[in-house]
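The chain contents come next:
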Amino acid sequence: MFALLFALACAKLPPTHHGAGFDDLRKAISAEGVERAPAVLVADLPAPPMPPARAATQIEARLLEGQEHLGAPTELDTQNPEHAAFLRNDYVGAVRFGGGLIRTGETALEARARIIEFSAQAELRTQASAWLDETARDLLAEARLAELRPLEPLEPPNVVRVPVRGANELDGRDNLNLPRVSIEPMAMTPSESGPRWLLVPYLRGYTMHNGGWFLGQEWGTPGGARVEVLVVLYDRRSGQPVWWQSATGRHVEEMKAQPSRSQMDQYLLWAEDSVEEQLGRGFLR
């Protein structure tokens with residue numbers, strides 16, 4: 001039950017699984033059982049540094065002329081962990097956009113919301129972690145795989161970020177920041193102790209938002225929510241990831257720029273449902 005297709009709105013793409021087919025591993029895993037790690041938030045893992053913030057270019061300054069009455073645009077500080085997580089699309093929390101759009105960028109002038117405010121991080125981190133833990137536990141139970149109790153705390157393996165080149169059909173109106181970057185698992189330190197098989201669920205993003213402009217999205221997006229996960233099966237004896245999948249649940253409510261808090265929570269529920277559906281179709285195929 002771990003086929004993580006990218007659910008872009010209602011569109012379904014082929015399963016994004018990697019490594020050996022899970023059916024090839026089923027016999028060994030069924031016989032030996034699997035240890036399940038607690039949900040790992042990608043934002044908490046080591047990440048490559050982002051370039052430091054820079055002063056506005058002359059072109060950007062000129063584009064802002066005559067807009068002083070709108071207030072100064074939010075400065076996204078790449079050295080601020082909260083802002084960096086948002087720009088990497090590793091953010092967990094609520095985002096509120098306002099003030100229309102501005103254009104910024106070093107290589108190309110790209111749209112983004114003038115005002116960007118962040119909130120509810122602690123609340124949604126707790127909610128998202130509990131949801132992903134429950135989802136991973138249910139998947140193992142439905143697959144009738146014995147879940148083994150961990151013998152010792154585990155240091156979660158890091159992930160590597162891989163640029164996604166070219167354009168995407170949702171560019172311009174998607175609810176994430178450009179450029180697109182995927183994540184893939186890295187190896188962990190081999191170990192001869194404890195269970196051989198380890199399942200690690202990573203939560204990359206868990207965001208609800210009103211209507212506005214994520215970085216690089218020319219036409220902007222209505223209010224919505226986005227959930228992205230990566231599920232990895234490790235062979236602890238070799239330390240290698242032997243199978244993994246990614247899944248994205250995305251919901252945007254057309255013609256709804258300013259949804260209420262309860263409506264945004266519903267969007268998150270629909271995004272969660274999409275991820276669970278993808279996992280349920282693909283795990284152990």
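In this text, all values refer to a predicted model and were calculated from it rather than measured experimentally.

What counts, and where the lines are drawn
Numbers given for residues are sequential positions, taken from 1 along each chain in its written order. Whole-chain, interface and lining totals are the exception, using all residues; otherwise, since this is a predicted model, local features are given only for residues with pLDDT of at least 70 and side-chain atom pairs are given and counted only at 80 or more. Just so you know, side-chain values use all the structure's heavy atoms and leave hydrogens and water out. Between Lys or Arg on one side and Asp or Glu on the other, a salt bridge is scored when a side-chain nitrogen of the former is within 4 Å of a carboxyl oxygen of the latter. Strands are runs of DSSP state E lasting at least two residues, helices are runs of H or I lasting at least four, and both sets are numbered from the N terminus onward. Only protein chains enter the area calculation, which uses a 1.4 Å probe; residues under 20% of their type maximum are buried, those over 50% are exposed, and those in between are partly exposed. Any two residues whose heavy atoms approach within 4.5 Å at even a single point are treated as in contact. For our purposes a nonpolar core is just a set of buried Ala, Val, Leu, Ile, Met, Phe, Trp, Tyr and Cys residues, chained together by side-chain atoms within 4.5 Å. The pLDDT value tells you how sure the predictor is about a given residue, anywhere from 0 up to 100. Axes here refer to lines fitted to C-alpha atoms; in helices the fit is confined to the stretch in contact. Angles between the N-to-C directions go from 0 to 180 degrees. Oblique is the label for any angle not under 35 degrees, not over 145, and not in the 65 to 115 range, which are roughly parallel, roughly antiparallel and roughly perpendicular in turn. Rotating anticlockwise by less than a right angle from the far helix to the near helix defines a left-handed crossing, while the corresponding clockwise rotation defines a right-handed one. For two strands to count as paired, DSSP must find a minimum of two bridges between them.

Just to check I follow, could you spell out the pattern of salt bridges for this structure?
For side chains bearing opposite charge, pairing can occur when the charged atoms are close. Counting across every chain of the model gives 17 salt bridges. The salt bridge involving Arg125 is made with Asp44; its shortest N-O contact spans 2.8 Å. One end of the pair, Arg125, is in helix H4 (residues 121-142); the other, Asp44, is in the loop between strand S5 (40-41) and helix H2 (58-64), with 81 residues separating them in the sequence. Residues Glu123 and Arg261 are paired through a salt bridge, measuring 2.6 Å at the closest nitrogen-oxygen approach. Taken together, the residues Glu123 in helix H4 and Arg261 in helix H5 (residues 261-282) connect sequence positions 138 residues apart. By relative accessible area, Glu123 is classed as partly exposed at 42%. The class of Arg261 is partly exposed, set by a relative accessible area of 41%. Via salt bridges that share partners, Asp171, Asp174, Arg180, Arg226 and Arg250 belong to a single interconnected network.

It is not clear to me how the side chain of Asp174 should be interpreted in this structure. Could you clarify?
Tracing the backbone through its elements, the reader meets Asp174 in the loop between strand S9 (159-163) and strand S10 (181-185). Beyond its immediate chain neighbours, meaning those up to four positions away, Asp174 contacts Arg180, Phe214, Gln217, Thr221, Arg226 and Arg250.

What's the story with the nonpolar core in this structure? I'm lost.
Here is a general trend for soluble globular proteins: nonpolar side chains tend to be buried in one another's company. Counting residues in hydrophobic clusters, the biggest one holds 36 residues, and the most contacted among them are Val34, Trp131, Leu203, Tyr206, Val227, Val229 and Leu233. Only helix H1 (22-32), strand S6 (92-104), H4, strand S11 (197-209), strand S12 (224-235), strand S13 (240-252) and H5 provide two or more residues apiece to this core. In terms of nonpolar packing, the next biggest core, distinct from the first, is built from 14 residues, Ala37, Val42, Val159 and Trp244 among them.

Just checking my understanding: could you explain the confidence of the model for the protein chain for this structure?
Any residue range with low pLDDT should be treated as having predicted coordinates unsuitable for detailed reading. Chain-level pLDDT for the protein chain is 89 on average; 91% of the residues reach the 70-or-more range. Mean pLDDT values for the elements of the protein chain range from 32 in strand S1 (residues 6-8) up to 98 in S5. With pLDDT under 50 throughout, residues 1-16 is counted as low confidence; its partners more than four residues away or in other chains account for 69 contacts.

Can you help me understand unusual backbone geometry in this one?
Glycine aside, residues mostly have negative phi, and peptide bonds are mostly found in the trans state. Following Leu178, the chain continues into Pro179 via a peptide bond in cis, with omega recorded as 5°. Residue position: Pro179 is located in the loop between S9 and S10. With a phi close to 65°, Asn89 is a non-glycine residue in the positive phi region. Summarising the element assignment, Asn89 is placed in the loop between helix H3 (81-87) and S6. Even without a glycine there, the phi angle at Ala120 is positive, about 60°.

Sorry, what's going on with the packing of H4 against H5 here?
How two helices pack is summed up by the angle between their axes together with the distance between the axes. Axis separation between H4 and H5 bottoms out at 11 Å; the angle between their running directions is 25°. When the axes of H4 and H5 are compared, the pair comes out roughly parallel. The crossing of H4 and H5 is right-handed. Packed against H4, whose contacting residues are Glu123, Leu124, Gln127, Trp131, Thr135 and Leu139, the element H5 presents Arg261, Asp265, Leu268, Glu272, Val275, Glu276, Leu279 and Gly280 at the interface.

Is there a simple way to explain the environment of Phe283 in this structure?
Tracing the backbone through its elements, the reader meets Phe283 in the segment after H5. As for Phe283 and Val231, which are separated by 52 residues in sequence, their C-alpha atoms are 9.9 Å apart.

I keep staring at the pairing of S12 and nothing clicks. Help me out?
Consecutive side chains along a regular strand alternate between the two faces of the sheet. Of all 12 residues in S12, 12 are buried, a share of seventy percent or more. Taking every second residue as pointing to the same face, both faces of S12 are buried, with Gly224, Arg226, Glu228, Leu230, Val232 and Tyr234 on one and Ala225, Val227, Val229, Val231, Leu233 and Asp235 on the other. Bridge count between S11 and S12: 12 bridges; the pairing is antiparallel. Pairing of Pro201 across the sheet is with Val231, part of S12. As paired strands, S12 and S13 are joined by 12 bridges and run antiparallel to one another. Across the sheet, Arg226 pairs through a bridge with Arg250, a residue of S13. The hairpin turn running from S12 into S13, its antiparallel successor, is four residues long, and Gly239 in that turn takes a positive phi close to 80°.

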